[in-house]
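# A structural walkthrough
Spelled out, the chains give:
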Amino acid sequence: MTPEGMTQFLNLYLSEMSDIIMNHGGTIDKYEGDAIIAFWNAPTFEEDHAKRGLEAAMECQKKLVEMQDELMKITGKPVKQRIGLNTGIATVGNFGSRNRFDYTMMGDTVNLASRLEGINKQYGSYTMCSKATMDSALEHGCTLDFRNVGKVAVVGRKEPVLIYNPLTPHEKSVLDGFNNTFLRAYELFEKGDFVEAKKLFQSISDRDPVSAKYVDKCDMLIKNPPENWQGFIQATEK
């Protein structure tokens, strides 16, 4: 894009998404290029912060679909976004120098949310949350459905985390058509039977981007058998 086109695109996109986040009680931390970093439950206490975050994420994805025609006039190609959400303890406050500081957040909880945003690429998905976020949201009345995508050890962590995709009602109805096959395939994958798991994943890969990604993972593990398979992938990129 031209500098003018990029400016027009970013201002339009960031404005619409930021409005949604703030309407759900979120705090905009900062913008990094085309990325929005936001959090809930500070500076104002929000008991249902995980629910608010997830609902904001789903509304952002819906809004992006609605904006596609308008955005494509600027970009010339479809626009997609990845979102990662995590819930836990973080340090929140004013950080910086004596002369300049930001109200921001830090900690392992924050880092994991960032990793989950990137992990979407490896699973063919666009919105991903941790089990902690899902559990907290459901506890406080969230009516979304969730799909268990598996578990992964993200960069900077040795222990795996369970990861989930929040689903729209349409996505849930589509998933119902092949989820039993996916679950059987994933069970074989966890056990280390990559050949049989690949066959099942492949049978639904044309309908399920997550299964298509698991086909690739199975191929990699068949060609390079792990010495001590523990049932999960160790992510090697952010």
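Structure: above.
Residues numbered from 1 in each chain as written. Predicted model: local features only at pLDDT ≥ 70, side-chain atom pairs only at ≥ 80, totals over all residues. Heavy atoms only, no water.

### Things to note about the packing of helix α1 (residues 3-23) against helix α2 (residues 49-75)
For the pair α1 and α2, interaxial distance at closest approach is 10 Å and the crossing angle is 160 degrees. Relative to α2, the element α1 lies roughly antiparallel. Of the two elements, α1 crosses α2, and the hand of that crossing is right-handed. Contacts from Gly5, Gln8, Phe9, Leu12, Tyr13, Glu16, Met17, Ile20 and Ile21 in α1 reach Ala56, Glu59, Cys60, Lys63, Leu64, Met67, Glu70, Leu71, Ile74 and Thr75 in α2. Taken together, the residues of the contact of α1 with α2 sort by class into 12 nonpolar, 3 polar and 4 charged. (Axes fitted to C-alpha atoms, helices over the stretch in contact; angles between N-to-C directions. Helix = DSSP H or I, 4+ residues; strand = E, 2+ residues; numbered from the N terminus. Parallel < 35°, antiparallel > 145°, perpendicular 65-115°, else oblique. Left-handed = near helix turned anticlockwise from the far one by under 90°. Contact = heavy atoms within 4.5 Å. Nonpolar A, V, L, I, M, F, W, Y, C, P; charged D, E, K, R; others polar.)

### Thoughts on the pattern of salt bridges
Counted under the stated rule, the structure contains 13 salt bridges. Across the salt bridge formed by lysine 63 and glutamate 16, the nearest N and O atoms sit 3.8 Å from each other. Taken together, the positions of lysine 63 in helix α2 and glutamate 16 in helix α1 put the pair 47 residues apart, joining distant regions of the chain. On the accessibility criterion, glutamate 16 (26% relative accessible area) is partly exposed. With its nearest N and O atoms 3.6 Å apart, the salt bridge here joins lysine 151 to glutamate 190. Linking lysine 151 in strand β7 (residues 145-153) with glutamate 190 in helix α6 (residues 179-191), this pair joins segments that are 39 residues apart in sequence. Taking the relative accessible area as the measure of exposure, lysine 151 reaches 23% and is therefore partly exposed. (Salt bridge = Lys/Arg side-chain N within 4 Å of Asp/Glu carboxyl O. Buried < 20%, exposed > 50% of the residue type's maximum accessible area, 1.4 Å probe, protein only.)

### Here's the deal with the sheet that holds strand β6 (residues 127-130)
Sheet architecture is open: 5 strands sit in the order β3-β6-β8-β7-β9, paired in mixed fashion. Where the open sheet ends on each side, the last strands, each with one partner, are β3 (83-85) and β9 (233-234). Bridging between β7 and β9 involves 2 bridges; their strand directions are parallel. The residue of β9 that forms the bridge with alanine 153 is glutamine 234. Across the sheet, α2 is in contact with β3, β6, β7 and β8 (161-167); its angle to β3 comes to roughly 175 degrees. Across the sheet, helix α4 (residues 131-139) touches β3, β6, β7 and β8, and the angle it forms with β6 is around 85 degrees. (Pairing = 2+ DSSP bridges.)

### Brief notes about the side chain of threonine 75
Secondary-structure assignment places threonine 75 in helix α2. A relative accessible area of 18% places threonine 75 in the buried class. A polar contact of 2.7 Å, which involves the side chain of threonine 75, links it to the backbone oxygen of lysine 77. Filtering out sequence-adjacent residues up to four positions away, threonine 75 remains in contact with Met1 and Phe9. (Polar contact = N/O pair within 3.5 Å; in protein donor to acceptor, adjacent residues only side chain to side chain.)

### So, α4
Structurally, the α-helix is built with 3.6 residues per turn, so residues lying three or four positions apart point the same way. For α4, the set of buried residues is Thr133, Met134, Ser136 and Ala137. Among the structural elements, α2, β3, β6, β7 and β8 are those in contact with the buried residues of α4. Two residues or fewer after α4 comes glycine 141, characterised by a positive phi angle close to 95 degrees.

### Things to note about the pairing of strand β2 (residues 35-39)
As judged from the 5 bridges shared by strand β1 (residues 27-32) and β2, these two strands associate in the antiparallel manner. Note on β2: the bridge partner recorded for threonine 27 is phenylalanine 39. Turn length for the β1-β2 hairpin, with the two strands adjacent in sequence and antiparallel, is 2 residues, and the turn residue glycine 33 shows positive phi of about 65 degrees.

### Focus: the packing of aromatic side chains
Across all of its chains, the model carries 14 aromatic pairs by this definition. Taken together, a centroid distance of 5.8 Å and an interplanar angle of 65 degrees make the contact between phenylalanine 189 and phenylalanine 194 edge-to-face. Exposure class is identical for phenylalanine 189 and phenylalanine 194. Each is buried. A cation over a ring is seen here: lysine 217 above tyrosine 123, with NZ or CZ 4.3 Å from the ring centre. (Phe/Tyr/Trp six-rings, centres within 6.5 Å; stacked < 30°, edge-to-face > 60°. Lys NZ or Arg CZ within 6 Å of the ring centre and 35° of its normal.)

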